[in-house]
Amino acid sequence: MRVTAVLLMMTIASGAQASGGISCEAEDKHVAFDLGGGVTHGMGGALFSFEGSASIKSAAVAHDLREVVFGRDQVAQYLLNGRQLALVLYREREGDLPHGYVELSVDTRSEGEGSYAGTYQIAVFENVGEGRTYQADGKVTCFAE
């Protein structure tokens, strides 16, 4: 009975160490966003879950593109290697409206102890007339475990 309990506890503990998470956030005069996901500690640090949202504060951006929700399917690129955490998220406008998208890029460097700091860039495109693009950048902080 004790052996079974010990083996069960070891299995649970080793499973907990096999995965971790990432999170990034920023808030400034251009945008506010909060991103997070689950990562493996093996197999190249694969991203197995992801969710996030971004609020773009500019009135120049169409209302439906100002509030964006990201899921795992919108992660276009991802890198976590202990020195750098980088993400590129891409979400297209849905429905019958003219083509539009939001692309959010995060590029950070490790500051030690799982803390990362760097910059974000956001681009919003809307195919109206000759097309409109809104771009902004700023500082971002991230955490990885």
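Before reading on, note that the structure itself is shown above.
Definitions and cut-offs
Residues numbered from 1 in each chain as written. Predicted model: local features only at pLDDT ≥ 70, side-chain atom pairs only at ≥ 80, totals over all residues. Heavy atoms only, no water. Helix = DSSP H or I, 4+ residues; strand = E, 2+ residues; numbered from the N terminus. Buried < 20%, exposed > 50% of the residue type's maximum accessible area, 1.4 Å probe, protein only. Disulfide = S-S within 2.5 Å. Salt bridge = Lys/Arg side-chain N within 4 Å of Asp/Glu carboxyl O. Core = buried A, V, L, I, M, F, W, Y, C linked by side-chain atoms within 4.5 Å. Pairing = 2+ DSSP bridges. Axes fitted to C-alpha atoms, helices over the stretch in contact; angles between N-to-C directions.

1. A closer look at unusual backbone geometry
Even without glycine at this site, Glu 113 takes up a positive phi of about 55°. As for its placement among the helices and strands, Glu 113 is situated in the loop between strand 7 (100-112) and strand 8 (115-126). Glu 113 gets classed as exposed once you look at its relative accessible area, which sits at 81%.

2. Re the state of the cysteines
Each disulfide consists of a covalent bond between the sulfur atoms of two cysteine residues. Per the counting criterion, the structure on display carries one disulfide. The disulfide that involves Cys 24 links it to Cys 142, with 2.1 Å between the sulfurs. Disulfide Cys 24-Cys 142: the torsion about the S-S bond is 110°, which places it as right-handed. Remark: Cys 142 occurs in strand 9 (residues 132-144) and Cys 24 occurs in strand 1 (residues 19-27); sequence separation between them is 118 residues.

3. Points about the pattern of salt bridges
Scanning the entire structure with this criterion turns up six salt bridges. Salt-bridge contacts for Lys 57 lead to Glu 27; the nearest nitrogen and oxygen are separated by 3.6 Å. With Lys 57 in the loop between strand 3 (47-56) and helix 2 (63-66) and Glu 27 in strand 1, the pair connects residues that are 30 residues apart, well separated along the chain. Glu 94 is paired through a salt bridge with Arg 91; the nearest N and O atoms lie 2.5 Å apart. Note on Arg 91: relative accessible area 21%, which makes it partly exposed. Beyond isolated ion pairs, a larger network of salt bridges with shared partners links Asp 64, Arg 93, Glu 126 and Arg 132.

4. Side note on the nonpolar core
Counting 31 residues, the largest nonpolar core has Phe 33, Leu 35, Phe 70, Val 106 and Tyr 120 as its most contacted members. Counting only elements with at least two residues in this core, the list comes to strand 1, strand 2 (31-40), strand 3, strand 4 (67-71), strand 6 (84-92), strand 7, strand 8 and strand 9. Sorting elements by how many residues they give to this core places strand 9 first, with five residues.

5. As for the sheet that holds strand 9
Strand order across the open sheet formed by nine strands is 4-3-2-1-9-8-7-6-5, with antiparallel pairing between neighbours. The open sheet has two free edges, formed respectively by strand 4 and strand 5 (75-80), since each of these has just one partner strand. Strand-to-strand twist in this sheet, taken as the mean axis angle between neighbours without regard to direction, amounts to 15°.

6. Brief notes about the pairing of strand 3
As judged from the nine bridges shared by strand 2 and strand 3, these two strands associate in the antiparallel manner. Note that in strand 3 the partner of Gly 36 across the bridge is Glu 51. Counting the residues that bridge the hairpin from strand 2 to strand 3 gives six residues, and of these Met 43 lies at a positive phi of roughly 50°. As defined by bridge partners, strand 3 adjoins strand 4 across five bridges and the pair is classed as antiparallel. Bridge assignment links Gly 52 to a residue of strand 4, and that residue is Phe 70.

From the geometry alone we can't say anything about function, so treat these as descriptive.
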